[in-house]
Number of protein chains: 2
Amino acid sequence: MGVTLKQLAASLGLSPTTVSRALNGFPEVNAATRERVRAAATKANYHPNTRAKSLATGRAQAIGHVIPVSTSHEIVNPIFADFIAGAGEVYSRAGYEMILRVVADADEASAYSDLIARGAVDGVMVHGPLVHDPRVEMLAGLDIPFLLHGRTSNVTAPYSWLDINNHRSFHRATQFLIDFGHRRIALVNGLEEMDFACRRRKGYLEALSGAGIEPDPFLMRQAEMTEPYGYRAAQEMMQLPDPPTAFLASSMIVAYGLRRGLSDLGLKLGRDVSVVTHDDELSYLPNDGDVPMFTATQSSVREAGRRAAKMLLQLVTDPECGPLTELMETSLVLGASTGPASR
Amino acid sequence: MGVTLKQLAASLGLSPTTVSRALNGFPEVNAATRERVRAAATKANYHPNTRAKSLATGRAQAIGHVIPVSTSHEIVNPIFADFIAGAGEVYSRAGYEMILRVVADADEASAYSDLIARGAVDGVMVHGPLVHDPRVEMLAGLDIPFLLHGRTSNVTAPYSWLDINNHRSFHRATQFLIDFGHRRIALVNGLEEMDFACRRRKGYLEALSGAGIEPDPFLMRQAEMTEPYGYRAAQEMMQLPDPPTAFLASSMIVAYGLRRGLSDLGLKLGRDVSVVTHDDELSYLPNDGDVPMFTATQSSVREAGRRAAKMLLQLVTDPECGPLTELMETSLVLGASTGPASR
DNA sequence: GCCGCTATCCAAAGCGGTTTGGGGATACGA
DNA sequence: TCGTATCCCCAAACCGCTTTGGATAGCGGC
């Protein structure tokens with residue numbers, strides 16, 4: 001399907017060389033000829049074969065994304081969709097293809113090396129980094145640009161990443177609740193083997209200790225971020241002898257669960273109990289309006305995808321431009337879910 | 001990066017031909033030689049270059065997915081993530097790559113034809129088909145296998161698709177509510193230019209008319225399926241002079257919104273008001289447990305992704321195997337959100 | 001008329017694989 | 001001893017594009 005460069009050249013009575021140069025904007029071709037070639041190309045709906053082109057140039061014009069699916073619970077992190085949508089926009093505009101691999105997390109390392117060894121991609125995006133993540137060192141030894149969405153904590157050598165300031169976000173959120181008089185503040189976190197969750201916890205703990213509040217293990221949870229997880233956390237923690245007066249949630253989904261759990265107990269958000277959540281600004285769970293439903297540390301994961309893609313493309317075009325890093329700050333927006341500690 | 005076939009052959013004192021045949025399991029090569037080649041290949045971490053291979057064979061070994069992003073509201077449909085996770089599994093196992101394009105819906109047609117003209121893919125998956133969808137006819141003229149996740153209604157020529165029985169699902173769900181004595185049943189649907197939403201509406205209307213119930217335009221809504229949309233629908237419809245006693249929602253996200261809207265009005269699901277929703281079984285919004293929260297027509301979109309991918313691969317390997325179609329039935333599971341019409 | 005330049009174009013050699021069409025041993029039968 | 005079938009292996013062409021290294025022609029200057 002589709003005409004080839006050779007056919008196009010033959011139909012024009014020109015050599016493939018000239019046609020190639022005409023279309024790629026090289027100077028050594030007559031302006032009139034170039035126009036003639038261009039017209040014929042669009043008329044014949046000519047598009048250069050990607051595989052041939054990249055074989056000849058040595059550039060794949062593609063970026064690889066490997067999205068891990070935890071074998072244990074088979075959860076697909078809902079933020080991937082928005083992140084990828086953001087990144088995809090940038091790739092399309094730059095003429096890059098996005099190639100996606102969905103793999104069980106055990107096979108992730110091999111998925112990367114396979115992709116690279118086959119020359120299928122010019123760079124890779126690393127999703128969902130763990131606190132101790134072997135992938136970074138593996139990729140560092142593979143001589144290909146890569147960028148983490150997030151960071152990892154056990155790697156000393158510099159690498160490129162884009163992250164949000166999880167530590168500061170949760171420190172601020174916790175401090176905000178403390179300022180409102182809360183002292184029993186629960187943390188309903190994601191799995192703390194994930195780097196982002198670990199940093200959030202640290203921010204939370206630091207704010208508590210800054211206020212002289214002893215952390216209570218009964219008020220800290222970690223799990224995959226589903227709605228029922230939030231529900232159970234609310235229900236169970238509120239039955240403690242000394243229940244929390246405020247909750248800190250790691251995602252909107254969890255916050256919805258909290259809200260349901262609390263409202264089933266007859267408690268009203270912002271009056272009886274406070275909730276602050278992180279909000280990735282997923283398009284189908286908007287937290288806006290005149291007064292947002294939740295007080296939230298918010299940062300668009302879609303925008304993160306866009307920026308990360310731009311950074312990675314920069315690394316691809318100029319591998320020497322050094323490790324690129326960006327720390328996005330979140331904004332703490334006030335919603336209806338928080339209020340002063342009652343009692 | 002990575003050794004080439006030629007280098008590997010040279011290091012073994014063999015010709016590229018023999019090495020290629022040894023690795024690809026052709027019979028005309030000595031068993032001992034084959035083993036020697038295999039060992040050397042794994043030792044050198046040899047992986048054939050994808051672009052070269054597919055250029056030589058003429059097969060791209062890749063499937064294209066074009067995911068549209070509505071320019072108006074910039075919503076990324078959350079079911080994409082799970083569908084793609086399911087499809088991705090199948091592709092990896094079959095040695096196919098998944099290439100993804102995220103485009104504004106206006107550019108969608110050109111995204112497909114570009115992908116195909118460049119020879120980047122062997123087949124394409126069509127997402128989110130509309131009632132009147134120009135893409136199907138376009139693709140039919142392009143001589144490449146394609147498969148719709150869903151169906152479209154204005155195309156007479158046969159084509160391949162995998163869909164759930166939206167009509168029957170919503171007919172059953174509506175009938176179920178009618179059997180419980182409900183007569184004021186609201187439909188909180190997705191955008192009805194989408195084929196799935198249109199079929200759901202038809203199923204709903206048919207069940208109503210079968211019971212001699214006149215549909216009420218005030219009880220029917222359509223919009224992009226966000227949580228606040230569900231919330232507003234509940235709040236506003238319950239203020240009607242003759243409010244609904246039951247709701248039919250097109251997604252879990254919308255159902256969550258309904259639930260919040262109703263509970264803010266002091267109404268309890270299953271007792272004061274009934275809600276039935278469609279449930280795509282997204283991993284982070286599980287609707288299971290001893291008694292699921294929502295009565296739901298359910299069908300795993302992840303499984304749909306797996307099956308669709310298998311069908312498409314079948315079409316790719318044997319283009320003559322004719323249009324393939326599969327209609328998945330949903331199961332109606334009873335949850336805590338429904339009860340007999342009060343009063 | 002010859003030289004050197006510039007402006008245009010082209011032939012051919014890759015890129016890294018697969019595949020066609022042999023070709024040299026070795027073994028076997030006559 | 002020769003022919004021939006079988007087993008292994010290889011040289012070379014090809015996939016569709018880019019790119020190197022000329023080649024040709026036109027033109028002004030001496």
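Going by the structure above, here's the rest.
Note that the structure is predicted; figures quoted are calculated from it, not measured.

Cut-offs and rules
Residues numbered from 1 in each chain as written. Chains lettered and ligands numbered in written order. Predicted model: local features only at pLDDT ≥ 70, side-chain atom pairs only at ≥ 80, totals over all residues. Heavy atoms only, no water. Least-squares fit on C-alpha atoms with pLDDT ≥ 70 in both. Contact = heavy atoms within 4.5 Å. Pairing = 2+ DSSP bridges. Helix = DSSP H or I, 4+ residues; strand = E, 2+ residues; numbered from the N terminus. Axes fitted to C-alpha atoms, helices over the stretch in contact; angles between N-to-C directions. Near = heavy atom within 4 Å. Polar contact = N/O pair within 3.5 Å; in protein donor to acceptor, adjacent residues only side chain to side chain. Nonpolar A, V, L, I, M, F, W, Y, C, P; charged D, E, K, R; others polar. Core = buried A, V, L, I, M, F, W, Y, C linked by side-chain atoms within 4.5 Å. Buried < 20%, exposed > 50% of the residue type's maximum accessible area, 1.4 Å probe, protein only. Buried area = accessible area lost by both parts, 1.4 Å probe. Salt bridge = Lys/Arg side-chain N within 4 Å of Asp/Glu carboxyl O.

## Thoughts on the relation of the copies chain B and chain A
Okay, so step 1: Of the transformation superimposing chain B on chain A, the axial component is 0.0 Å and the angular component is 180°, with the fit at an RMSD of 0.0 Å. Interpreted geometrically, this transformation is the action of a two-fold axis.
Okay, so step 2: Both copies contact each other with a shared surface, as 100% of the interface residues of chain B are interface residues in chain A too.

## Some remarks on the sheet that holds strand β3 (residues 123–126) of chain A
Okay, so step 1: Strand order in the open sheet formed by twelve strands is β11(A)-β5(A)-β4(A)-β3(A)-β1(A)-β2(A)-β2(B)-β1(B)-β3(B)-β4(B)-β5(B)-β11(B), and the pairing between neighbours is mixed. On the outer flanks of this sheet lie β11 (325–328) of chain A together with β11 (325–328) of chain B, each paired with one strand and no other. Between one strand axis and the next, the sheet turns through 20° on average, direction left out of account.
Okay, so step 2: Here strand β1 (residues 62–69) of chain B runs beside strand β3 (residues 123–126) of chain B; their pairing, made up of four bridges, is parallel.

## Description of the protein's contact with DNA strand C
Okay, so step 1: Taken together, 27 residues are adjacent to DNA strand C, and S15 and T17 of chain A together with L5, S20 and R21 of chain B come closest.
Okay, so step 2: A share of 58% is what sugar and phosphate atoms reach among the atoms of DNA strand C within 4 Å of the protein.
Okay, so step 3: Separating a base oxygen of DNA strand C from a side-chain N or O atom of T17 of chain B is a distance of 3.2 Å.
Okay, so step 4: In the environment of DNA strand C, a sugar or linking oxygen lies 3.0 Å from a nitrogen or oxygen atom belonging to the side chain of Y46 of chain B.
Okay, so step 5: Among the elements of the structure, α2 (16–23) and α4 (50–57) of chain A together with α2 (16–23) and α4 (50–57) of chain B are those that each provide at least two residues to the surface near DNA strand C.
Okay, so step 6: Looking at the surface near DNA strand C, the element that brings in the most residues is α4 of chain B, giving four residues.
Okay, so step 7: Split by residue class, the surface near DNA strand C holds eleven nonpolar, twelve polar and four charged.

## Focus: the nonpolar core
Okay, so step 1: One finds Y91, F247 and L258 of chain A together with Y91, F247 and L258 of chain B to be the most contacted residues of the largest nonpolar core, which totals 124 residues.
Okay, so step 2: With sequence-adjacent residues up to four places away left out, Y91 of chain A is seen in contact with I63, H65, Y96, M98, M125, A309, L312 and L313 of chain A.
Okay, so step 3: If you look at the next biggest cluster of nonpolar residues, it comprises 43 residues, including Y112 and L115 of chain A together with I99 and Y112 of chain B.

## Section: the interface of chain B and chain A
When the parts of a complex come together, some accessible area is lost, and that lost area is often used as the size of the interface.
Okay, so step 1: Contacts between the two partners involve 54 residues from chain B and, on the opposite side, 54 residues from chain A.
Okay, so step 2: Area buried by chain B at its contact with chain A is led by R51, R118 and Y284 of chain B, which between them contribute 16% of it.
Okay, so step 3: Inspection of the region where chain B meets chain A yields four salt bridges.
Okay, so step 4: With a shortest N-O distance of 2.9 Å, R259 of chain A and D264 of chain B are connected by a salt bridge.
Okay, so step 5: Across the chain B-chain A interface, the total number found is 25 residue pairs in polar contact (both at pLDDT 80 or more).
Okay, so step 6: Looking at which element gives the most residues to the side of chain B that touches chain A, the answer is helix α5 (residues 79–94) of chain B, with seven residues.
Okay, so step 7: Of the residues that constitute the side of chain B that touches chain A, the class distribution is 28 nonpolar, eleven polar and 15 charged.

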